[in-house]
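Observations on the three-dimensional arrangement
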Amino acid sequence: MSGEVPANINIKEPRWDQSTFVGRANHFFTVTDPRNVLLTDEQLENARRIVHDYRQGVIPPGLTENELWRAKYVYDSAFHPDTGEKMILIGRMSAQVPMNMTITGCMMTFYRTTPAVLFWQWVNQSFNAVVNYTNRSGDAPLSVSELGTAYVSATSGAVVTALGLNALTKHVSSLVGRFVPFAAVAAANCINIPLMRQRELKVGIPITDERGNRLGESANAAQQAITQVVVSRILMAAPGMAIPPFIMNTLEKKAFLKRFPWMSAPIQVGLVGFCLVFATPLCCALFPQKSSMSVSSLEDELRAKLHQSHPELQRVYFNKGL
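Residues numbered from 1 in each chain as written. Predicted model: local features only at pLDDT ≥ 70, side-chain atom pairs only at ≥ 80, totals over all residues. Heavy atoms only, no water.

Per an unreviewed UniProt entry, the protein goes by the name Sidoreflexin and belongs to Dipodomys ordii. The protein has a UniProt comment under Sequence similarities (unreviewed entry) that states "Belongs to the sideroflexin family." UniProt lists a comment for the protein under the heading Subcellular location (unreviewed entry), and it reads "Mitochondrion membrane". (UniProt positions renumbered as here; feature names shortened; annotations may be inferred.)

As a further point, take the overall build of the protein. Along the backbone of the protein there are 13 helices and four strands. Against the compact-globule benchmark of 20 Å for 322 residues, the protein has a radius of gyration of 22 Å, which places it among compact chains. Dimensions of the protein, computed from the C-alpha atoms along their principal axes, are close to 65 × 50 × 35 Å. Burial status across the protein gives 47% buried among its 322 residues. Long-range pairs, those at least 24 residues apart, make up 76% of the contacts in the protein with a sequence separation of at least 6. Approximately 15500 Å² of the protein is accessible, and the part contributed by carbon and sulfur atoms is 62%. Side chains of the protein carry 30 positive and 24 negative charges; the gap between the two charge centres is 12 Å. (Helix = DSSP H or I, 4+ residues; strand = E, 2+ residues; numbered from the N terminus. Rg over C-alpha atoms; globule rule 2.2 N^0.38 Å. Buried < 20%, exposed > 50% of the residue type's maximum accessible area, 1.4 Å probe, protein only. Contact = heavy atoms within 4.5 Å. Areas by Shrake-Rupley, 256 points an atom, 1.4 Å probe, with all protein chains shown as cover. Lys, Arg positive; Asp, Glu negative; His and termini not counted. Charge placed at Lys NZ, Arg CZ, Asp CG, Glu CD.)

A few words now on the pattern of salt bridges. Tallied over the full model, the rule gives seven salt bridges. The residue R214 makes a salt bridge to E217 at a minimum N-O spacing of 2.8 Å. Residue E217 is classed as partly exposed on the basis of its relative accessible area of 39%. Put simply, R303 and D300 hold a salt bridge, and the shortest N to O gap is 2.7 Å. With R303 and D300 both in helix 13 (residues 300–309) and three residues apart, this pair spans about one turn of that helix. (Salt bridge = Lys/Arg side-chain N within 4 Å of Asp/Glu carboxyl O.)

Our next topic: the state of the cysteines. Scanning the model with the defined rule gives zero disulfides in all. The closest cysteine sulfur to the non-disulfide-bonded C275 is located on C283, 11 Å from its own sulfur. Residue classification places C275 among the buried positions, given a relative accessible area of 13%. Here C284 stays free of any disulfide, with the sulfur of C283 as its closest cysteine sulfur at 7.6 Å. (Disulfide = S-S within 2.5 Å.)

Once that is clear, we can look at helix 1 (residues 21–31). All of the buried residues along helix 1 are G23, R24, A25, H27, F28 and V31. Among the structural elements, helix 3 (65–78) and helix 12 (264–284) are those in contact with the buried residues of helix 1.

This brings us to the confidence of the model for the protein. In the predicted model, the protein carries a mean pLDDT of 81, and the fraction of residues at 70 or more is 91%. Mean pLDDT across the elements of the protein bottoms out in helix 7 (residues 174–178) (64) and peaks in helix 1 (90). (pLDDT = per-residue confidence, 0-100.)

Turning to the packing of aromatic side chains, a few remarks are in order. All told, the structure shown has five aromatic pairs when counted by the stated rule. Both rings, one in Y75 and one in F79, keep their centres 4.9 Å apart while their planes meet at 15 degrees; by these two values the pair is stacked. The burial state of Y75 is the same as that of F79; both residues are buried. Ring centres 5.5 Å apart and planes at 70 degrees place the aromatic pair F274 and F278 in the edge-to-face group. Remark: F278 and F274 occur in helix 12; sequence separation between them is four residues, near one turn of the helix. Taking NZ or CZ as reference, K72 lies 5.5 Å from the ring centre of Y73, over its face. The residue whose ring lies beneath K290 is Y317, and the NZ or CZ to ring-centre distance is 5.3 Å. (Phe/Tyr/Trp six-rings, centres within 6.5 Å; stacked < 30°, edge-to-face > 60°. Lys NZ or Arg CZ within 6 Å of the ring centre and 35° of its normal.)

Moving on to helix 5 (residues 114–134). With 21 residues, helix 5 extends 30 Å between its outermost C-alpha atoms, agreeing within 8% with the 30 Å of an ideal straight helix rising 1.5 Å per residue. Along helix 5, 15 of the 21 residues are buried, which leaves the element largely enclosed by surrounding structure. (Expected span 1.5 Å × (residues − 1).)

This next bit is on the UniProt feature "transmembrane region" (unreviewed entry) in the protein. Those places that UniProt annotates as "transmembrane region" (unreviewed entry) correspond, in this numbering, to residues 230–247 and 267–287. Across residues 230–247, the secondary structure splits into 100% helix and 0% strand, with the terminal C-alpha atoms separated by 27 Å. Split by type, residues 267–287 is 86% helix and 0% strand. Its first and last C-alpha atoms lie 32 Å apart.

Below, the discussion takes up the environment of D41. Its location among the elements puts D41 in helix 2 (residues 41–55). For D41, a relative accessible area of 54% gives the class exposed. Here the alpha-carbon distance between D41 and N124, two residues 83 residues apart in the chain, equals 27 Å.

Okay, the packing of helix 2 against helix 3 next. At a minimum axis separation of 8 Å, helix 2 and helix 3 run at an interaxial angle of 115 degrees. Taken as a pair, helix 2 and helix 3 cross one another with a handedness that is left-handed. Across the interface between the two elements, Q43, L44, A47, R48, I50, V51, H52, Y54 and R55 of helix 2 pack against L68, A71, K72, V74, Y75 and A78 of helix 3. (Axes fitted to C-alpha atoms, helices over the stretch in contact; angles between N-to-C directions. Left-handed = near helix turned anticlockwise from the far one by under 90°.)

Let us look at the pairing of strand 1 (residues 205–208). Here strand 1 pairs with strand 2 (residues 214–218) via four bridges, running antiparallel. Looking at the pairing, T208 lines up with R214 of strand 2. Linking strand 1 to strand 2, which pair antiparallel, is a turn of five residues; within it G212 sits at a positive phi near 90 degrees. (Pairing = 2+ DSSP bridges.)

Quick look at the structure:
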């Protein structure tokens, strides 16, 4: 190997220590950077080539260590960690802030009528379904029928939940009514994510040892992964859906919004966006991306198999998804 970059950098792992929250936060602030959405196919392909070449021991002349890490994070922002395939643009974590600020802002602005609730909850859950599928764990593909069933069940279940909550709050104050979208999103995430990733719960997700050697598939690992993602997504939505209602409730009593009521939606979208810029990476960082569990927590058959083939093994590792 030649060039200015050391030969022993492990770019399969993040640049920062993932055993600490600060390290994970630094990692996800880079991965979820909304500016990554603007990268061209040529830039993504160039990053992919640099990463793949480096893994094969080939370093382009003049490449610096910072450029290598930049290429690694561009690659991670657009390509699935298990399959290596390029992810759908709106499903990437770098698209979370611009997409969610728009959808959430509109959900919280147009919440007073059933048609508006129905439409924006459907838009939100359709977007969530794309994100949940794009950021699934494992490399087993879903058939068209499985994907269609998962989408219909996830979105319909989430929308019905939202409408039910909306009906229960018809006679409460406007401030309480503003929190209906958050309650609906929280409940819907508990439905949408498991249904869009139901194949993982059935057949399991890949588990490895500490060095990344694949050991099998575990449904128990999938349960832990999906639970962590549900918690992260609910908390991710909380600041953007809990703080703006108080601000908007105050602003709508002022002369400015009474004179320019059409400004309500842009202001709401901006407030949500500001919250999401920080909430998205910080909540992604709550749990390690490379999660782990004790061998004793695996299914009986898989645990017995590993005790025979790897008697010293104490923990297994897996990609939890996002």
